[in-house]
Amino acid sequence: MSLASLLALLQLADSAFPSGRYTLSHGLESFAQSGALPSPRTPSLTNLLSDALRFGVAPSDGVALACAHRAVRPDGVLELDAIVGADERLSAVKLAREGREASMRTGRALLRTAIDALGTALLVDYAELVDAGGSPGNHAVVLGIVCAGFDVPRLEAVAGELYAFSSGWVAAAVRLGLIDHR
């Protein structure tokens with residue numbers, strides 16, 4: 001991976017990136033309010049994050065990101081049918097309305113920011129499709145397209161998404177007082 005691709009990935013995975021992901025609690029707030037988390041610093045928080053990655057984010061968002069990334073041809077042309085298919089399947093497996101809406105909201109914010117930064121026709125065409133209701137515009141799918149545009153390899157793009165989720169999850173746990181900064 002080139003230095004430029006690595007820097008693009010780091011920027012996209014940063015919680016300060018203006019997509020709105022820093023506002024998400026990834027369900028931790030509901031767990032805490034329901035009393036499902038026994039106490040701060042419990043190993044159950046580690047297990048919960050591990051399970052969220054292994055059984056939730058990786059097989060849903062991770063796979064959708066990889067599919068969208070693969071659907072960007074080497075010549076920069078989008079295979080829109082493949083992207084829309086991945087986007088629709090991702091929405092279908094996000095059973096909780098809040099998670100589905102958050103994914104689309106942050107995906108659309110990422111899409112707008114990427115258009116401002118890159119201005120490529122492929123992103124503009126996809127944004128028009130999303131705006132017209134032809135594709136949900138989930139964050140992972142948009143990120144797959146953007147990472148492909150920055151020549152970030154597919155595996156590294158998925159790893160960046162899993163890192164960004166984990167980092168956001170831990171930040172939410174700190175904000176909620178479930179753990180401290182250490």
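Since the model is a prediction, treat every value here as computed from it, not as a measurement. (Residues numbered from 1 in each chain as written. Predicted model: local features only at pLDDT ≥ 70, side-chain atom pairs only at ≥ 80, totals over all residues. Heavy atoms only, no water.)

A. Structural context of the confidence of the model for the protein. Residues of the protein with pLDDT of at least 70 account for 91%, and the chain-wide mean is 86. When pLDDT is averaged over each element of the protein, helix α4 (residues 80-93) comes out on top at 96 and helix α2 (residues 28-34) at the bottom at 74. (pLDDT = per-residue confidence, 0-100. Helix = DSSP H or I, 4+ residues; strand = E, 2+ residues; numbered from the N terminus.)

B. Representation of a nonpolar patch on the surface. The grouping of Met1, Leu3, Leu6, Leu7 and Leu10 at the surface amounts to a nonpolar patch, some 490 Å² of accessible area in total. By secondary structure assignment, the location of Leu10 is in helix α1 (residues 3-13). (Patch = residues over 30% accessible without salt bridge, like charges linked within 9 Å, V, L, I, M, F, W, Y side chains within 5 Å. Areas by Shrake-Rupley, 256 points an atom, 1.4 Å probe, with all protein chains shown as cover. Salt bridge = Lys/Arg side-chain N within 4 Å of Asp/Glu carboxyl O.)

C. View of the pattern of salt bridges. Enumeration over the complete set of coordinates arrives at 6 salt bridges. Note that Asp131 is salt-bridged to Arg112, the shortest N-O span being 2.4 Å. Taken together, the residues span a long stretch of sequence, with Asp131 in helix α6 (residues 121-131) and Arg112 in helix α5 (residues 97-118) at a distance of 19 residues.

D. Just the side chain of His69, in detail. Take His69: it is sitting in helix α3 (residues 43-70). What makes His69 buried here is its relative accessible area of 11%. A polar contact is formed between the side chain of His69 and the backbone oxygen of Val152, at a distance of 2.6 Å. When sequence neighbours within four positions are dropped, the list of residues in contact with His69 reads Gly144, Cys147, Ala148, Val152, Pro153, Arg154 and Ala157. (Buried < 20%, exposed > 50% of the residue type's maximum accessible area, 1.4 Å probe, protein only. Polar contact = N/O pair within 3.5 Å; in protein donor to acceptor, adjacent residues only side chain to side chain. Contact = heavy atoms within 4.5 Å.)

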